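# Fold and contact review
So the chains spell out like this:
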Protein chains: 2
Amino acid sequence: MESDEKKMMTNASRFELTLPKGVKDFLPVNAAKIEYLRRTLHDLYDRWGYRPVITPSLEFLDVMERGLGAGLRNKSFKFDDRQSGRLIAFTPDCTPQVARIVATRMRERPLPLRLSYDARVLRHEEQQLGKDREIFQSGVELYGLKSAESDAEMIVMAVESLQALGAEEFTLDIGQVEFSRGIMEQLSLPAQQMQQIQETIERKDLSGLRELLAKTDLDPELSEQILLLPRLFGGREVLDRAEVAVSNKRSREAIANLRAVLETLEVYGVEESVTFDLGVLCNLEYHTGITFDGYLSGVGQAVCSGGRYDNLTAAFGEPIPATGFTFNLLNLLFALDQKLDEVALKRTDILIFQPDDDKSTAQRLAQTLRRQGYSVARDMLKRDLEQTLDYATKMNYRFVMLIGPDNKSVTLRTVSDGSEQTITIAAILAGRFDV
Amino acid sequence: MESDEKKMMTNASRFELTLPKGVKDFLPVNAAKIEYLRRTLHDLYDRWGYRPVITPSLEFLDVMERGLGAGLRNKSFKFDDRQSGRLIAFTPDCTPQVARIVATRMRERPLPLRLSYDARVLRHEEQQLGKDREIFQSGVELYGLKSAESDAEMIVMAVESLQALGAEEFTLDIGQVEFSRGIMEQLSLPAQQMQQIQETIERKDLSGLRELLAKTDLDPELSEQILLLPRLFGGREVLDRAEVAVSNKRSREAIANLRAVLETLEVYGVEESVTFDLGVLCNLEYHTGITFDGYLSGVGQAVCSGGRYDNLTAAFGEPIPATGFTFNLLNLLFALDQKLDEVALKRTDILIFQPDDDKSTAQRLAQTLRRQGYSVARDMLKRDLEQTLDYATKMNYRFVMLIGPDNKSVTLRTVSDGSEQTITIAAILAGRFDV
């Protein structure tokens, strides 16, 4: 009775052991997949000559805010620092931090700089939407280049990253904020009206846009160009349509930039993985040229986003052109899901069972096998072989190794099918185990 | 004049772009070393059959506090959650989080559970001491075993970890809190006096301890045992000296546990890497048996610490014995320092220079070489070969590859000594580059 009560209390209190919304525990399978995503991306960045930096979780708010648009500024976790009396923020995005590092601590280094990062950042998000508050970012920044070739490098790297991760059907949706800015800067309308027009374009709401424009006294040719924006998405023919439609210099330069990027994509053979969307007015607030978002087919959330941001380091005292992208690892985890099963879990695992009191043979075998790279654990609970086999099955071990009573040989049992083979201990200790 | 003023302002404002005390930026060399530490440890844990979990950065304060001693509780960063109205804390230690996960989300899984983690945690630290507020932890937890063999597994893994990282001279200092508790529980002294005695023992202040004990009316034999505590450190002979000195069951069981651990260490051949210190009264507040700290010779800060904590999951509703350890990656970085130069920076890097306007040959070569695993960047700035070579030297590239004017061969220049060789482009594209 008393014990039942205790049990109920325990269950009740366990019920309260919840996590704040928007953060998660990752148990072994998903945690291994996230580690696989991290490493695969890091290694790809490395092959492109990118070197890692690690940005701190905490920054002075007034410093970090220089590099944040209003959107992320409002999403930052902040607190009063006991020590300095200044406000401190938890970083909501690595890109402004890398910009700060480049503009201050690395400004003596020769350009270009190729940098990568991999970190968890925190954002206040309305929890009705079920959005993550903790975001796992992995990305690169290329500083010191303005050329289309550097824009293309970002896109090729993003495509190769997705290929390296095993993604099959995906699209990188490329925008160029300068194209629409070249059109929109010709408008002189009240801010509220501009805002409405922009939102309608972003939503690709053509009839809404037509209505809004009808209320203005815009030049009909300019109206036509604006009406074109929500329709300028698709394959490379979009660039042709855009080019004939506009005459202003800024928009035409944007098209020329996209054509030059496309040329490099063709050299790398990734041109089929991209589409264009010239109705993108801005992505993150700091973008100044090409922008792109990567989607896996059938998944609505972008797994990566990137683009050019030539004005960001200036906020930290040193103007340097830049381009970059970041992967959202949790969106990747969700989008790739079962595709990651095999790669993240291909471990060879051996559980060693020794019934004797003296466990030294088991320990020596374990040590030898680990040195060969096998993943090996000793079953240390006092239990019989059947229980050990049951444990090995539930915990997904590949083999159970049973030390024979003569201490001269082992029985290696394949957990999945129960098949067995006998191997001498001397052979294993001599490094001749190979399954 | 105006430009000079601007420059001064820029410098002045740059001066303000500092970081909060206790956190750091890590530039490429150190960041690569940290990544190397992370991976080497993760892979070693993996070979011992440990599977990763990822704990969230945020927890409800009342949940997390169940697993924190007063020390860490006071060091937690906290804030009011807009959404839930509850207090949220940033995690100051992964171990209580893993305990929560094991006791709640993994309690249906068969024991033992071998888990690893790797995360950055935050602690308020008095900044006069210059301590890190952001701590990079990497560690393991072994749940469900009480045996000395499981205690030994932690120590062997910690030793092998240090060996895998290239540490040469190091010591794991092993304590057993039950030994001193067996003696101290026999005392019935006021709390303040107990506290003073404990502190004097921890400081190994023998004369201070003698003075304190003289003021009590303790049994002389017990006094002698207490006076022994600060002197019980050194090699395995400590265990013999301890055994003859005490008669209480709790202390004797602690010695028996240490002897059994030592036996397993001998099987693994790591017994020379440990010393004993029976004057350790507690390490982290949750420890209940063996404790240990790892030191590299000549460095005062421990690089790892671990031990047994059998009561931690009970705070989350499920009592399970446990043992574990954690590495402090920044202390490791400091202690190993130059030893990590080679391993973290052994990259083969090629910078490709193509003077023509058409860069497609350079891009194709880069793609081919990356697929072979080389780390390759295109020099995209418009500049002459001399400037490119200067850049390659400063940025520590191994080779500069100059595409010949005939587009048929390249000159491969070794940056360190200026030596050159000619290779046909056809050979590289056919995968026959091998330097």
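Residues numbered from 1 in each chain as written. Chains lettered and ligands numbered in written order. Predicted model: local features only at pLDDT ≥ 70, side-chain atom pairs only at ≥ 80, totals over all residues. Heavy atoms only, no water.

### Observations concerning empty space enclosed by the protein
A complete count under the given rule lists eight cavities of 30 Å³ or more for this structure. In terms of lining, the largest cavity is formed by 49 residues, of which the most central are Ala 119 and Arg 120 of chain A together with Asp 118, Ala 119 and Arg 120 of chain B. Sorting the residues of the lining of the largest cavity by element identifies helix H2 (28-47), strand E5 (113-122) and strand E6 (134-143) of chain A together with helix H2 (28-47), helix H5 (94-104), strand E5 (113-122) and strand E6 (134-143) of chain B as the ones contributing at least two each. For the lining of the largest cavity, the residue count by class is 27 nonpolar, 12 polar and 10 charged. (1 Å grid on protein atoms, 1.4 Å probe; cavity = no way out; pocket = protein on both sides within 12 Å on 5 of 7 lines; lining within 4 Å. Points joined across faces, edges and corners; volume = space filled by probe spheres on them. Helix = DSSP H or I, 4+ residues; strand = E, 2+ residues; numbered from the N terminus. Nonpolar A, V, L, I, M, F, W, Y, C, P; charged D, E, K, R; others polar.)

### Points about the pairing of strand E12 (residues 322-328) of chain A
Residue and element names in this part refer to chain A. For E12, a buried count of seven out of seven residues is recorded, marking the element as mostly surrounded by other parts of the structure. Along E12, one buried face is formed by Ala 322, Gly 324, Thr 326 and Asn 328 and the opposite face, lined by Thr 323, Phe 325 and Phe 327, is buried too. Inspection of the sheet shows E6 paired to E12 by seven bridges, in the antiparallel sense. Within E12, the position partnered with Tyr 143 by the bridge is Ala 322. (Buried < 20%, exposed > 50% of the residue type's maximum accessible area, 1.4 Å probe, protein only. Pairing = 2+ DSSP bridges.)

### Details of the domain arrangement of chain A
Quoted interface sizes are often the accessible area lost when the parts come together. When its domains are assigned, chain A resolves into domain 1 (21-146 + 310-339), domain 2 (169-292) and domain 3 (347-429). Computed from C-alpha coordinates alone, the two centres of domain 1 of chain A and domain 3 of chain A are separated by 44 Å. (Domains from an automatic or database assignment.)

### A closer look at the relation of the copies chain B and chain A
One copy of the chain maps onto the second through a rotation around an axis plus a translation along that axis. Take chain B, turn it by 180°, move it 0.0 Å along the axis, and it overlays chain A with an RMSD of 0.0 Å. On this basis, the relationship between the two copies can be described by a two-fold rotation axis. Every residue of chain B has its C-alpha some distance from the rotation axis, and the shortest such distance is that of Phe 79 of chain B, at 3.7 Å. The overlap is high: 100% of the interface residues of chain B also sit at the interface in chain A, so the same surface is used on both sides. (Least-squares fit on C-alpha atoms with pLDDT ≥ 70 in both. Contact = heavy atoms within 4.5 Å.)

### Points about helix H8 (residues 191-202) of chain A
Residues and elements named next belong to chain A. Look at H8: 16 Å from first C-alpha to last across 12 residues, which is about the 16 Å you get at 1.5 Å a residue. Every buried residue of H8 is accounted for by Met 194, Ile 197, Thr 200 and Ile 201. Mapping the buried residues of H8 onto a view down its axis gives an arc of 130°, with all of them on the same face. Of the exposed residues in H8, those oriented more than 90 degrees away from the buried face are Ala 191 and Gln 192. Where H8 is buried, its residues contact helix H7 (177-184), helix H9 (206-214) and helix H10 (220-228). In the segment just after H8, Lys 204 is the residue with positive phi, at about 55°. (Expected span 1.5 Å × (residues − 1). Arc of directions from axis to C-beta.)

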